[in-house]
Amino acid sequence: MPVPTNTLPTSESTNAAIPPQVPEQATAPPPADAGPLTARNLPAPDKLGPGWKTYTDPGGAEAGFIGNNTWTRRRDPHQASYEALPSGCSGQPVKGALPVPAYALTGTYRTRDALPATALLLRFKDAAKAQAYYAGYQTRMQACGTDGDLAVKQLWATTKAATAVRSYASAESYVDVSVVKGATVALLATTSATPQQQSAWAHTAATALEEVID
C-alpha cells in the first residue's frame, strides 16, 4: 500500500503562461497552509459582505483533490497561476513569459446568497515578480475580448487593484477582483446574478484583500 503523498513536480517551473506538467493524482489531503501563506492572509468573511461565510470544500475525484476539512488548501504554484489566466478569449493572444509564484493558497467562501466564491493567493519571491505577473494578468484580461467562450468586461482599475466581469458562454458570470501588494497577488472570483452591479462591492473586497494578503 503506497504511503500517502502530496507530491509536486520536481522540476522548477519558470513560466506561468505555459501549461504545467500534469500533477500526480492526489493520495492525501493538501495542507491548509502554503509556506508562509495561511488563513490569516485571507479576509474574514464578514469583511467581504454581510452574510458571507467560509466554506469547507469536500473535494473529490472531479475536483481533483481530497478535502482537508478546512476552507483553505495549498495549491501547486504553477498550476494555480496558469489556471488563473483567462482562457477561451476571442481577442488577440498575449505573448510573453510570466513569473511562477513560490507558494499558492486557495480559500473558499459562500456569499450571502449561498453562491460560491474563491480567493487565490500567489506569493512570489519578491515584489518585482508579483508586479510582473499582475501586469501580465491584467494585459491578458484586457485583451480577452467580449466574444468567444469567455467574455471579459472591465469595471474599474487602479495601479494596485482591478475588477472585471468574466462571462462564460452559456454558463455563469463571475466578478473578478485582483490585487497586488508587496510580493503577493490576490485573485477573488465570485459568482453573481448581477455582476455588472458589483463595482462598489468590488472596491470593498479589494480593500479587504489588501489589508491581509502580504
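Right above here is the structure, for reference.
Note that the structure is a prediction, hence the values are computed from the model and not measured.

A. Summary view of the overall build of the chain. A count of helices and strands for the chain gives 4 helices and 10 strands. Put simply, the chain runs from its N terminus to its C terminus through helices and strands in the order α-β-β-β-β-α-β-β-α-β-β-β-β-α. The C-alpha atoms of the chain give a radius of gyration of 17 Å, which matches the 17 Å a tight globule of 214 residues would have. Along the three orthogonal principal directions, the C-alpha set of the chain runs to about 50 × 40 × 35 Å. The buried share of the chain, taken over its 214 residues, is 43%. Accessible surface computed for the chain: about 10,900 Å², of which carbon and sulfur atoms make up 52%.

B. Layout of empty space enclosed by the protein. All told, the structure shown has 1 cavity of 30 Å³ or more when counted by the stated rule. Taken together, Asp-57, Phe-65, Asn-68, Thr-70, Trp-71, Thr-72, Arg-73, Thr-106 and Thr-108 make up the lining of the largest cavity. Taken together, the elements giving at least two residues each to the lining of the largest cavity come down to strand S4 (72-75) and strand S5 (103-110). Each residue belonging to the lining of the largest cavity can be placed in one class, and the counts come to 2 nonpolar, 5 polar and 2 charged.

C. Here's a closer look at the state of the cysteines. Applying the stated criterion to the full structure yields 1 disulfide. The disulfide partner of Cys-89 is Cys-144, and the S-S distance across this bridge is 1.9 Å. Handedness of the Cys-89-Cys-144 disulfide follows from its S-S torsion of about -90°: it is left-handed. Within this pair, whereas Cys-89 is found in the loop between helix H2 (77-83) and S5, its partner Cys-144 is found in the loop between helix H3 (127-142) and strand S7 (150-157), the two being separated by 55 residues in sequence. Since its relative accessible area comes to 29%, Cys-89 is described here as partly exposed. Relative accessible area serves as the criterion here: at 1%, Cys-144 is assigned to the buried category.

D. Here's a closer look at the pairing of S5. Of all 8 residues making up S5, 6 are buried, and the element is well covered by its neighbours. In this structure, strand S1 (residues 53-54) lies alongside S5, joined through 2 bridges in antiparallel fashion. Each bridged residue has a counterpart across the sheet, and for Lys-53 the counterpart in S5 is Arg-110. Bridge count for S4 against S5 is 4 bridges, and the pairing is antiparallel. Residue pairing in the sheet places Arg-75 in a bridge with Ala-104 of S5.

E. Summary view of H3. Between the first and last C-alpha of H3 there are 22 Å, a value that for 16 residues agrees with the 22 Å anticipated at 1.5 Å per step. Taken together, the buried positions of H3 are Ala-130, Tyr-133, Tyr-134, Gly-136, Tyr-137, Gln-138, Arg-140 and Met-141. Looking at the buried residues of H3, the elements they touch are H2, strand S6 (116-123), S7, strand S8 (161-168), strand S9 (173-181) and strand S10 (184-191). Put simply, Asp-126 is the residue that caps the front of H3, since its side-chain oxygen is 3.1 Å from the backbone nitrogen of Ala-128.

F. Examining the nonpolar core more closely. Tyr-109, Val-177, Leu-188 and Trp-201 are the most contacted members of the largest nonpolar core, which has 25 residues in total. Contributions of two or more residues to this core are made by S5, S6, S9, S10 and helix H4 (199-212). For this core, the element with the most residues is H4, which contributes 6 residues. Setting aside residues up to four positions removed in sequence, Val-177 forms contacts with Ala-162, Thr-163, Ala-186, Leu-187, Leu-188, Trp-201, Ala-202, Ala-205, Ala-206 and Leu-209. Counting 23 residues, the second-largest nonpolar core is a separate cluster that includes Ala-80, Val-100, Tyr-133 and Met-141.

Criteria and cut-off values
- Residues numbered from 1 in each chain as written.
- Predicted model: local features only at pLDDT ≥ 70, side-chain atom pairs only at ≥ 80, totals over all residues.
- Heavy atoms only, no water.
- Helix = DSSP H or I, 4+ residues; strand = E, 2+ residues; numbered from the N terminus.
- Rg over C-alpha atoms; globule rule 2.2 N^0.38 Å.
- Buried < 20%, exposed > 50% of the residue type's maximum accessible area, 1.4 Å probe, protein only.
- Areas by Shrake-Rupley, 256 points an atom, 1.4 Å probe, with all protein chains shown as cover.
- 1 Å grid on protein atoms, 1.4 Å probe; cavity = no way out; pocket = protein on both sides within 12 Å on 5 of 7 lines; lining within 4 Å.
- Points joined across faces, edges and corners; volume = space filled by probe spheres on them.
- Nonpolar A, V, L, I, M, F, W, Y, C, P; charged D, E, K, R; others polar.
- Disulfide = S-S within 2.5 Å.
- Pairing = 2+ DSSP bridges.
- Expected span 1.5 Å × (residues − 1).
- Contact = heavy atoms within 4.5 Å.
- Polar contact = N/O pair within 3.5 Å; in protein donor to acceptor, adjacent residues only side chain to side chain.
- Core = buried A, V, L, I, M, F, W, Y, C linked by side-chain atoms within 4.5 Å.

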